[in-house]
Amino acid sequence: MTSPDDHPLSIIVLAAGQGARMKSSLPKVLHALGGRAMLAHVLAESRELAPVRTALVLAPGMDDVATCARGAAPDLELFTQKQALGTAHAVLAARDIFNGLTGDVLIIYGDTPLIRVETYRTMLNTLRESGAAVVVLGFDAGAPGEYGRLVLGPEGELRAIVEAREADEPTRAIAFCNSGV
């Protein structure tokens, strides 16, 4: 196994979602779980990975989210996604974190507090040991619905991530889904 020192880690936490489906004016990441905002749980878990840099991507006007985040991780860097143009666009909002960067980048969601730090460590170890360019966390869904599907090759390698709305019938039948991590 390679040493973490050989691969410094930076983390991008995506927290720009408004939570419209939750039918609440409270940003999704601020909803409480176990007495703390979901975002506070995510930031606490991510700090256990000892990142060299942590970026938080927010939507404009999310001052309450920034305040919560600074309380949980005072050294994180804030970035604003000026327009809601999807996950990849949110990551691009934090592109300055890549300037002069060496090592690995872990992209996580601020509203997924139940992903354990051990899962992130397993992903990072897999990335480092396999020599792959990317590792994606997938899950088997009984009813995959609108989740993106992970299309695997014959040896289990990731061939494509296909959004449900863009999937043909055989791809929609795949139950192995993209977590976004």
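Shown above is the structure to which this text applies.
Treat the numbers as computed from the prediction; the structure is a model and nothing was measured.

Undergrad: Explain the layout of surface pockets to me, using residue names and the numbers behind them.
TA: Roughly 300 Å³ of volume is contained in the second largest pocket. Forming the boundary of the second largest pocket are 15 residues, of which Val105, Leu106, Ile107, Val134 and Val135 lie nearest the centre. Where the lining of the second largest pocket is concerned, the elements lending two or more residues are α3 (87–93), β6 (104–109) and α4 (117–130).

Undergrad: So what about the pattern of salt bridges? Which residues, and what values?
TA: Taken as a whole, this structure holds seven salt bridges when the rule is applied. The closest approach of N and O atoms between Glu118 and Arg116, which form a salt bridge, is 3.4 Å.

Undergrad: Report on the pairing of strand β8 (residues 149–152), specifying residues and quantitative values.
TA: Relative to strand β9 (residues 158–162), β8 is paired through four bridges, and the arrangement is antiparallel. The residue bridging Arg149 from the neighbouring strand is Val162, located in β9. Where β8 hands over to β9, the hairpin turn is made up of five residues, of which Gly156 adopts a positive phi near 85°.

Undergrad: Residue-level account of α4, with values.
TA: For α4, spanning 14 residues, the distance from its first C-alpha to its last is 20 Å, which sits close to the expected 20 Å at 1.5 Å a residue. Residues Val117, Tyr120, Met123, Leu124, Leu127 and Arg128 constitute the buried set of α4. For α4, the arc enclosing every buried residue in end-on projection is 125°, short of the 170-degree limit, so these residues lie on one face. Next to the buried residues of α4 lie β1 (9–14), α1 (38–47) and β6.

Undergrad: Before we move on, could you go through the pairing of β1 and cite the residues and values that matter?
TA: The buried fraction of β1 amounts to six of the six residues, a majority that puts the element mostly inside the structure. For β1 and β6, the ladder comprises six bridges, and the chain directions are parallel. From the neighbouring strand, Val13 faces β6, where its bridge partner is Ile108. By the bridge criterion, five bridges tie β1 to strand β4 (residues 53–58) in an arrangement that is parallel. Directly across from Val13, in β4, lies its bridge partner Leu56.

How each quantity is defined
- Residues numbered from 1 in each chain as written.
- Predicted model: local features only at pLDDT ≥ 70, side-chain atom pairs only at ≥ 80, totals over all residues.
- Heavy atoms only, no water.
- 1 Å grid on protein atoms, 1.4 Å probe; cavity = no way out; pocket = protein on both sides within 12 Å on 5 of 7 lines; lining within 4 Å.
- Points joined across faces, edges and corners; volume = space filled by probe spheres on them.
- Helix = DSSP H or I, 4+ residues; strand = E, 2+ residues; numbered from the N terminus.
- Salt bridge = Lys/Arg side-chain N within 4 Å of Asp/Glu carboxyl O.
- Pairing = 2+ DSSP bridges.
- Expected span 1.5 Å × (residues − 1).
- Buried < 20%, exposed > 50% of the residue type's maximum accessible area, 1.4 Å probe, protein only.
- Arc of directions from axis to C-beta.
- Contact = heavy atoms within 4.5 Å.

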